[in-house]
Amino acid sequence: MPKKPQDLRSARWFAPDDLRSMGHRSRAMQMGWTDEDWQGKPIIAIINTWSDLSPCHHHLRDRADWVKRGILQAGGTPAELPVHDFAEQFLKPTSMLYRNMGAMEVEETLRSHPVDGVVLMGGCDKSTPALVMGAVSMGLPFLFLPAGAMIRGNYAGQKLGSGTDVWKYWDERRAGKIGKDEWDGVQGGIARSYGTCMTMGTASTMMSIAEGFGLTLPGASSIPAPDAAHKRMSAACGRRIVDMVWEDLTPDKIITEQSTRNAVTVAMATGCSTNAIIHLIAMARRAGVPLGLDDIDAIGRTTPVIANIRPSGSEYLMEDFFYAGGLPALMAELGDKLDLSVTTVTGHSLADDLKGAKNHNTDVIRPLSNPVYSEGSLAVLRGNLAPDGAVIKPAAMDAKFQTHRGPAIVADSYDALKQIINDEDYPMTPDSVLVLRNAGPKGGPGMPEWGMIPMPKALLKQGHRDMVRLSDARMSGTSFGACILHVAPEAFIGGPLALLQTGDMIDLDVPNRRLNMDVSDAELAKRRAAWTQPKQRYERGFGWMFAQHIEQADKGCDFDFLRTEFGAAVPEPEIN
């Protein structure tokens, strides 16, 4: 049944004829509001991640006005509430350190204010999972407005892709193939508008996943940030959330086991970022869906990559993807690999949402019969080096490394790693496996994106551009190469990676999902007895709290006390 005005959550603040509600009304009037703003109308929160230091979200200050326009058109009252900006480029040591903090901020901001529904505005890497996780835990009707990708990069007539081409040109500069002038030209041409990375990095991946869950209006995840259609979509989000409040369309009716499988399938088909695995698990578990690594790997084995977008693809970028039909066209190509009966934020089934979706370029969005890669973007590895799992991106690596055996070169810190990779005469071969450890959730802390280990100069000068690299860190979704990531348990807490030594042979078998070190159990036991845990980096503040409560990568890196099953649901605040 449709919700009635007296059932609105905000009515608890404004409707009663008592002392406290009189205070709420008088203070609202202090801001210029009148009875017409709160009587019988839903108050809609606009959670905005704009800031002066967030290039990906630099346009969201303007887009909030378009969302407000839509809310007013539909008979609601908008209330913009700022939260953490999640600026991937500037937050150090890593924005992942702040994902869960941001989710807590969203949840508590919504709980503590007189709001009935929410439009979440974000897109840069960790913002999407943080916003969704917080809103899911709160449970109000919400939809997600993706920030959208920036326009294509360009230098000297060459199309540039965010991140992906930075890594490529950096290797060429370190190899002495290009000079400072060309490097500066790439710097000035690779980011030419506001919006997120325009490769299928973590930002585009997570925006696509949000649509795969059914949390955006159809096609919202693919619209380039500067396109006028993005303003129209912003207003449409404002109109739709008002109706969602009256319909009481809450996230538990949208994020289900079926829609979660859809989101994973979409991720695999897009050639998604490796970071998707961590965020998918965390988002699903907040909604009570017990998603695990093996579930994701199983879906990946039967879902080919059909988005020909860098870095898994060779040519196209997100702007091209939008022109080809965007995510609705890709989902239509997936057909019965998706559960089309699920309900989305439109209030309709996914089948209804995809009516009219067309693929306008079958090289950008491939049919299932002609995929970019025959399996999904990611693979989950296990073995005595990663008993709880590790992740690799076969779709974006040299295929010759899918089965590989080589000696480890181990660095205990990034500073030690830099000494290795910058030494032109460091003794190594193309078969060597370069290892970075103590960079995981607790060791980083925050699991920084150090896993895309730059190619060593010793191999670059020989003409090599890929090698097997391994770490308990993450890597940017715009990155590529034979990088094994998210090794769990991490080295910092005594996972097997902590026991690896330089010279130990590592066996990688992607087709059979195996990752092992050729070291006997007796030798490992001897090494464990001698191992001591490194000193924790933070001794107070948020960093200390993070290290005490962060879970491992295979569990989604959520805080243990934020798990749905940790305790009873948080009640509505008392108003006295």
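Data block above holds the structure.
Presented here is a report on the structure given in the accompanying data block. What you see is a predicted model, and the numbers here were worked out from it, not measured in a lab.

What follows covers the sheet that holds strand β1 (residues 43–48). Taken in spatial order, the four strands of this open sheet run β2-β1-β3-β4, and their pairing is parallel. At either margin of the open sheet sits one strand with a lone partner, and together these are β2 (77–82) and β4 (142–146). Neighbouring strand axes in the sheet, compared pairwise and without regard to direction, differ in orientation by 20° on average. Relative to β4, strand β3 (residues 117–122) runs parallel, the two being bridged by five bridges. Residue pairing for β4: glycine 122 is matched across the bridge by proline 146. Against the sheet, helix α10 (residues 228–247) engages β1, β3 and β4, with an angle of about 175° to β4.

Inspection of every chain in the model, using the stated rule, returns two cavities of 30 Å³ or more. Residue lining of the largest cavity: Glu211, Gly214, Thr216, Leu217, Pro218, Pro328, Met331, Thr344, Leu350, Asp353 and Leu354, and that is the complete set. For the lining of the largest cavity, the secondary-structure elements that each account for two or more residues are α15 (326–334) and α16 (350–353). Broken down by class, the residue content of the lining of the largest cavity amounts to six nonpolar, three polar and two charged. What lines the second largest cavity is Ile277, Ile278, Leu293, Asp388, Gly389, Ala390, Val391, His486, Ala488, Ala553 and Asp554. The set of elements that each furnish at least two residues to the lining of the second largest cavity consists of α12 (275–286), β8 (386–392) and β12 (483–488).

Let us now look at the nonpolar core. In terms of nonpolar packing, the biggest core is built from 80 residues, with Ile47, Leu110, Val119, Leu120, Ile209 and Leu280 touching the most fellow members. With eight residues, α10 is the single largest residue contributor to this core. Not counting the four nearest positions on each side in its chain, leucine 120 is found in contact with Ile47, Val106, Leu131, Val132, Ala135, Phe142, Leu143, Phe144 and Leu145. Judged by nonpolar contacts, the second largest core, of 29 residues, contains Phe401, Val410, Ala491 and Leu500.

What counts, and where the lines are drawn
Residues numbered from 1 in each chain as written. Predicted model: local features only at pLDDT ≥ 70, side-chain atom pairs only at ≥ 80, totals over all residues. Heavy atoms only, no water. Pairing = 2+ DSSP bridges. Helix = DSSP H or I, 4+ residues; strand = E, 2+ residues; numbered from the N terminus. Axes fitted to C-alpha atoms, helices over the stretch in contact; angles between N-to-C directions. Contact = heavy atoms within 4.5 Å. 1 Å grid on protein atoms, 1.4 Å probe; cavity = no way out; pocket = protein on both sides within 12 Å on 5 of 7 lines; lining within 4 Å. Points joined across faces, edges and corners; volume = space filled by probe spheres on them. Nonpolar A, V, L, I, M, F, W, Y, C, P; charged D, E, K, R; others polar. Core = buried A, V, L, I, M, F, W, Y, C linked by side-chain atoms within 4.5 Å. Buried < 20%, exposed > 50% of the residue type's maximum accessible area, 1.4 Å probe, protein only.

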